[in-house]
Amino acid sequence: MALEKLQEFDQPFHQTFIRNVWMFGNDLGDLVYFFGTGNDGFGLYRVSAGWLSMESAEKISDTITDFLVNGVGIDIATSL
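What to know about the overall build of the protein chain
Right, on to step 1. For the protein chain, the count of helices and strands is 4 helices and 4 strands.
Right, on to step 2. What you see in the protein chain, going N to C, is helices and strands ordered as α-α-β-β-β-β-α-α.
Right, on to step 3. Taken across its 80 residues, the protein chain has 40% of its residues classed as buried.
Right, on to step 4. Nonlocal contacts in the protein chain, meaning residues at least 24 apart in sequence, comprise 15% of its contacts between residues at least 6 apart.
Right, on to step 5. If you sum the accessible surface of the protein chain, you get close to 5000 Å²; carbon and sulfur atoms cover 57% of it.

Side note on a nonpolar patch on the surface
Right, on to step 1. Together, Trp22, Phe24, Ile64, Leu68 and Val69 make up a nonpolar patch on the protein surface, roughly 530 Å² of accessible area in all.
Right, on to step 2. Elements that contribute at least two residues to the nonpolar patch include exactly strand E1 (21–26) and helix H3 (64–68).
Right, on to step 3. For Leu68, the position within the fold is in helix H3.

Quick word on the environment of Lys59
Right, on to step 1. The topology assignment puts Lys59 in strand E4 (residues 58–61).
Right, on to step 2. When its relative accessible area of 14% is taken as the criterion, Lys59 is described as buried.
Right, on to step 3. For the pair Lys59 and Phe35, spaced 24 residues apart in sequence, the C-alpha to C-alpha distance is 9.4 Å.
Right, on to step 4. When neighbours within four sequence positions are excluded, Lys59 is seen to be in contact with Asp40, Gly41, Phe42, Gly43, Leu44, Tyr45 and Ile76.
Right, on to step 5. One polar contact links the side chain of Lys59 to the main-chain carbonyl oxygen of Asp40, over a distance of 2.9 Å.
Right, on to step 6. Here the side chain of Lys59 touches Phe42 through a polar contact of 3.2 Å, landing on its backbone oxygen.

Describing the pairing of E1
Right, on to step 1. Where E1 meets strand E2 (residues 31–38), 5 bridges bridge the pair, whose relative direction is antiparallel. If you follow Trp22 over to E2, its bridge partner there is Phe35.
Right, on to step 2. Between E1 and E2, which pair antiparallel and follow one another directly, the connecting turn spans 4 residues, one of which, Leu28, has a positive phi of 65 degrees.

Calculation criteria
Residues numbered from 1 in each chain as written. Predicted model: local features only at pLDDT ≥ 70, side-chain atom pairs only at ≥ 80, totals over all residues. Heavy atoms only, no water. Helix = DSSP H or I, 4+ residues; strand = E, 2+ residues; numbered from the N terminus. Buried < 20%, exposed > 50% of the residue type's maximum accessible area, 1.4 Å probe, protein only. Contact = heavy atoms within 4.5 Å. Areas by Shrake-Rupley, 256 points an atom, 1.4 Å probe, with all protein chains shown as cover. Patch = residues over 30% accessible without salt bridge, like charges linked within 9 Å, V, L, I, M, F, W, Y side chains within 5 Å. Salt bridge = Lys/Arg side-chain N within 4 Å of Asp/Glu carboxyl O. Polar contact = N/O pair within 3.5 Å; in protein donor to acceptor, adjacent residues only side chain to side chain. Pairing = 2+ DSSP bridges.

So this is what it looks like as structure tokens:
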């Protein structure tokens, strides 16, 4: 699904964001999940599909292992 969405986001104003992150999923709604370096350093982030920018992204955890195995950031991922 993230790869399908990537083509939707292929707009000139999203190019800087897309070149600097690895998008890997969405919640079938308005949130996109990606790895990148944001305001809180490198890690797993989420951002609204309408606001693709590192400034508006919210960090979930440092690594996918921290998130999936150790539960780090689960409170963030399940909020909203």
